[in-house]
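Examination of the molecular architecture
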Amino acid sequence: MHIKDILSANRGTTMFSLEFFPPRTPVAVQTLQSTLDQLAPLRPAFASVTYGAGGSTRELTQSLVAELTQSDVFDPIPHLTYVGHSESEIMALLTRYAAAGVSNILALRGDLPAGLTDSGTFAHAAELVRCIKRFNERGLHPDPRGFGIGVACFPEGHPATPNRMTEMDHLKAKVDAGADWLCTQAFFDNHSFHDFRARCELAGITAPILAGILPLTTATGMKRMAELAGGTRYPARLIRALNRAGDDAEAFRRIALHHATEQCANLLDHDADGIHFYTLNQAQPVVEIYSRLGIHRGTR
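A brief report on the enclosed structure follows.

Rules behind the numbers
Just so you know, the residues in each chain are numbered from 1, in the order the chain's sequence is written. In keeping with the predicted nature of the model, local features appear solely for residues at pLDDT of at least 70, side-chain atom pairs appear and are counted solely at 80 or more, and the whole-chain, interface and lining totals rest on all residues. No hydrogens and no water enter the side-chain calculation; it runs on all heavy atoms of the structure. A pair of aromatic rings is counted whenever rings of Phe, Tyr or Trp (Trp by its six-membered ring) have centres within 6.5 Å, and the orientation is called stacked for planes under 30 degrees apart, edge-to-face for over 60 and tilted otherwise. Numbering of helices and strands runs from the N terminus, with a helix taken as a DSSP run of H or I at least four residues long and a strand as a DSSP run of E at least two residues long. Only protein chains enter the area calculation, which uses a 1.4 Å probe; residues under 20% of their type maximum are buried, those over 50% are exposed, and those in between are partly exposed. When a carboxyl oxygen of Asp or Glu is within 4 Å of a side-chain nitrogen of Lys or Arg, the pair counts as a salt bridge. Multiplying 1.5 Å by the residue count of a helix minus one yields the expected span of that helix. The reported arc concerns the directions from the helix axis to the C-beta atoms and nothing else. Two residues form a contact once any of their heavy atoms are found within 4.5 Å. Each polar contact in these results corresponds to two N or O atoms within 3.5 Å; when the atoms are within protein, one needs to be able to donate a hydrogen and the other to accept it, and residues that are neighboring in sequence are counted only if both atoms are side-chain atoms. Two strands are said to pair when DSSP picks up at least two bridges between them.

If you walk through the whole model with that rule in mind, you get nine aromatic pairs. Relative to Tyr234, the ring of Phe188 has its centre 4.8 Å away and its plane inclined at 50°; by these criteria the two rings are tilted. Here Phe188, found in the loop between strand 6 (181-184) and helix 7 (190-202), pairs with Tyr234, found in the loop between helix 8 (219-228) and helix 9 (236-245); they are 46 residues apart in sequence, far enough to count as distant. The two residues Phe188 and Tyr234 agree in class, both being buried. In this structure an aromatic cluster arises from ring pairing among Phe16, Phe277 and Tyr290.

The following block contains the structure:
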């Protein structure tokens, strides 16, 4: 379903969506299948599928997207990054996705693979958005509107753009280029999100913003998240609570889950357009958050 139709169907409510990454091993395949089975009753609005640095999981991503298109539950939105790709390669990927019946794309810069210093054909994600729009204008998609386009945003700031005003200019450029919706990087302090949403309004950015929530499960994963995100800020009260857990892994999980649930409840209270769970291919944290919030389906 085109993202505009998804958003229209959920107007006036907070919609829920999920992110998965393509499995690389037989065991990971089984884990993901179990996760999908457990999350299917929640009826998410869509499921995004990640794309490794420089397209390192290109085929795996496409395989998972193709599998999900056959599901009547998980409407897949593949990530598409431009780092390391030529425009012709991107057009070829879009052609393949259109033929498979994929309705939406999440357009991203992507991470630079080890040893690569040049992003390739495009310098900014806005250029990738314009590339997708050019594809749409060619009428090569079964939907006459072409692909719905999502882009990333960063409530706590992008590590490559320390000037927050410049960063907002870059985001506005992506929206002006044709982005239909925004999805935030994972954050752990809702004050950052609310301030970011207000700044978007001041900048004339009216596209719906989905709040990215990552339920932490281990201390190692917490540190890894900070590294991958280029400096995720964990609020002091969360760090203090997790420190009290010490080496008790189950206590860590319960504290982190409580924090994520509080984040979601606050977002619901403030009428967030959507909540996008970074599942890390794990079902239980999301299932527990739904249960604690009293949610039975993918909207509230």
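One pass over the structure, following the stated rule, counts twelve salt bridges. The salt bridge involving Arg134 is made with Glu87; its shortest N-O contact spans 2.9 Å. Of the two residues, Arg134 is situated in helix 5 (residues 125-137) and Glu87 in helix 4 (residues 87-99); the sequence distance between them amounts to 47 residues. For Glu87, a relative accessible area of 27% translates into the label partly exposed. Notably, a salt bridge pairs Asp143 with Arg145, separated by 2.9 Å at the nearest N-O pair. Residue classification places Asp143 among the buried positions, given a relative accessible area of 18%. Relative accessible area serves as the criterion here: at 37%, Arg145 is assigned to the partly exposed category.

This brings us to unusual backbone geometry. With the exception of glycine, most residues fall at negative phi, and the peptide bonds are largely trans. Even without a glycine there, the phi angle at Leu280 is positive, about 55°. Structurally, the position occupied by Leu280 is in the loop between strand 8 (274-278) and helix 11 (284-293).

Bringing the environment of His158 into the picture now. On the secondary structure map, His158 appears in the loop between strand 5 (148-153) and helix 6 (164-177). Linking His158 and Ala40, residues 118 residues apart in sequence, is a C-alpha distance of 33 Å.

Further remarks concern helix 7. The first and last C-alpha atoms of helix 7 sit 19 Å apart over 13 residues, in line with the 18 Å expected at 1.5 Å per residue. All buried positions along helix 7 are accounted for by Asn190, Ser192, Phe193, Phe196, Arg197 and Cys200. Viewed end-on, helix 7 has its buried residues packed into an arc of 150°, placing them on one side of the element. Relative to its buried face, helix 7 has exposed residues pointing more than 90 degrees away, namely His191, Glu201 and Leu202. Where helix 7 is buried, its residues contact strand 5, helix 6, strand 6, strand 7 (209-213) and helix 10 (249-269). Capping the start of helix 7, Asp189 holds a side-chain oxygen 3.0 Å from the backbone nitrogen of His191, two or three residues further along.

Here strand 6 shows two buried faces, one formed by Trp181 and Cys183 and the other by Leu182 and Thr184. Where strand 5 lies against strand 6, four bridges are found, and the strand directions are parallel. The partner of Val151 across the bridge, within strand 6, is Leu182. Pairing of strand 6 with strand 7, which is carried by two bridges, proceeds in the parallel orientation. In the strand pairing of strand 7, Leu182 is matched with Ile209.

None of this, on its own, says anything about what the molecule does.
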